[in-house]
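# Analysis of the macromolecular model
Chain by chain, the residues run as shown.
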Amino acid sequence: MLMIQRIQTVYMLASVIAILMMLVMPLGTICSNDAYFDLTALGISSVTEGVVLDEMCYDLLSLILLMLALPLVCIFLYKRRKLQLRILIYTAVLDVLFYAYFFLYEAPVVKGMAMQALSNSGFTADVTADYAICLYAMPALSLFCCIMAWRGVIYDIALLSAADRLRPSRKR
């Protein structure tokens, strides 16, 4: 049974919702003077007629799906608090690594793909990228929720260990 009354479950659910929003909302727009491209978690696609670009970003999609799966699995592990702590730490590290991965690797690759598609179609290849607030805010929100859930699990562990000290042990 799912334990919604625990506050860390609410935080983990909020983390899942934040990352889920990254899957459905556009992450940004890449534009030049002549053409526009939409960047989503599924890939980059052309909005302008005459420019053909429909590329899947499997690495970005798999990273976002992993960021989505870890807190979702963690919700159902409410009886195994030590494992919850480890998974929440992994999720927080993954949220931080998402920024590094996207802005150091994925963003230049996507801009390069857009420039290549534009030059193949005969358009000017001066490209600027405008990233949506979803790209900046949702992993940060997920990171905040994971930290708060981690604190809740720590509090539960301390509360249970204090309750175990108060109970008399029955030896038969």
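This one's a predicted model, so the numbers in the text were calculated from it and none came from an experiment. (Residues numbered from 1 in each chain as written. Predicted model: local features only at pLDDT ≥ 70, side-chain atom pairs only at ≥ 80, totals over all residues. Heavy atoms only, no water.)

All right, on to the overall build of the protein then. The helix and strand inventory of the protein stands at 4 helices and 5 strands. Going from the N terminus to the C terminus, the protein shows its helices and strands as α-β-β-β-β-α-α-β-α. Here the protein, with 172 residues, has 38% of them falling under the buried criterion. In the protein, of all internal contacts separated by at least 6 residues, the share reaching a separation of at least 24 is 69%. (Helix = DSSP H or I, 4+ residues; strand = E, 2+ residues; numbered from the N terminus. Buried < 20%, exposed > 50% of the residue type's maximum accessible area, 1.4 Å probe, protein only. Contact = heavy atoms within 4.5 Å.)

Now for the pattern of salt bridges. Taken as a whole and assessed by the stated rule, the structure comprises 1 salt bridge. Note that Asp-156 and Arg-6 form a salt bridge whose closest N and O atoms lie 2.9 Å from each other. Of the two residues, Asp-156 is situated in helix 4 (residues 133–166) and Arg-6 in the segment before helix 1 (7–24); the sequence distance between them amounts to 150 residues. A single burial state applies to Asp-156 and to Arg-6, both of which are buried. (Salt bridge = Lys/Arg side-chain N within 4 Å of Asp/Glu carboxyl O.)

So, on to the environment of Ile-64. Position of Ile-64 relative to the elements: it lies in helix 2 (residues 58–75). On the accessibility criterion, Ile-64 (0% relative accessible area) is buried. Sequence separation between Ile-64 and Asp-95 is 31 residues; the distance between their C-alpha atoms is 9.1 Å. Dropping the residues within four chain positions of it, Ile-64 is found in contact with Ile-19, Met-22, Leu-23, Leu-27, Ala-41 and Phe-98.

What follows deals with the environment of Phe-98. Tracing the backbone through its elements, the reader meets Phe-98 in helix 3 (residues 81–121). On the accessibility criterion, Phe-98 (1% relative accessible area) is buried. In the structure, Phe-98 is positioned 34 residues away from Ile-64 in sequence and 8.3 Å away in space, judged by C-alpha atoms. If we ignore the near neighbours within four places in the chain, the residues touching Phe-98 are Met-22, Leu-60, Leu-63, Ile-64, Met-67, Leu-135 and Pro-139.

Further remarks concern the packing of helix 2 against helix 3. Helices that pack against each other are described as a pair by the angle of their axes relative to one another and the distance between those axes. Direction vectors running N to C along helix 2 and helix 3 enclose 165 degrees, while the axes themselves pass 10 Å from each other. Taken together, the axes of helix 2 and helix 3 lie roughly antiparallel to each other. Helix 3 is crossed by helix 2, and the crossing has left-handed handedness. For the pair helix 2 and helix 3, contact is made by Asp-59, Leu-60, Leu-63, Ile-64, Leu-66, Met-67, Leu-70, Pro-71, Cys-74 and Ile-75 and by Gln-84, Ile-87, Leu-88, Tyr-90, Thr-91, Leu-94, Asp-95, Phe-98, Tyr-101, Phe-102, Tyr-105 and Glu-106, respectively. Here the residues of the contact of helix 2 with helix 3 sort into 17 nonpolar, 2 polar and 3 charged. (Axes fitted to C-alpha atoms, helices over the stretch in contact; angles between N-to-C directions. Parallel < 35°, antiparallel > 145°, perpendicular 65-115°, else oblique. Left-handed = near helix turned anticlockwise from the far one by under 90°. Nonpolar A, V, L, I, M, F, W, Y, C, P; charged D, E, K, R; others polar.)

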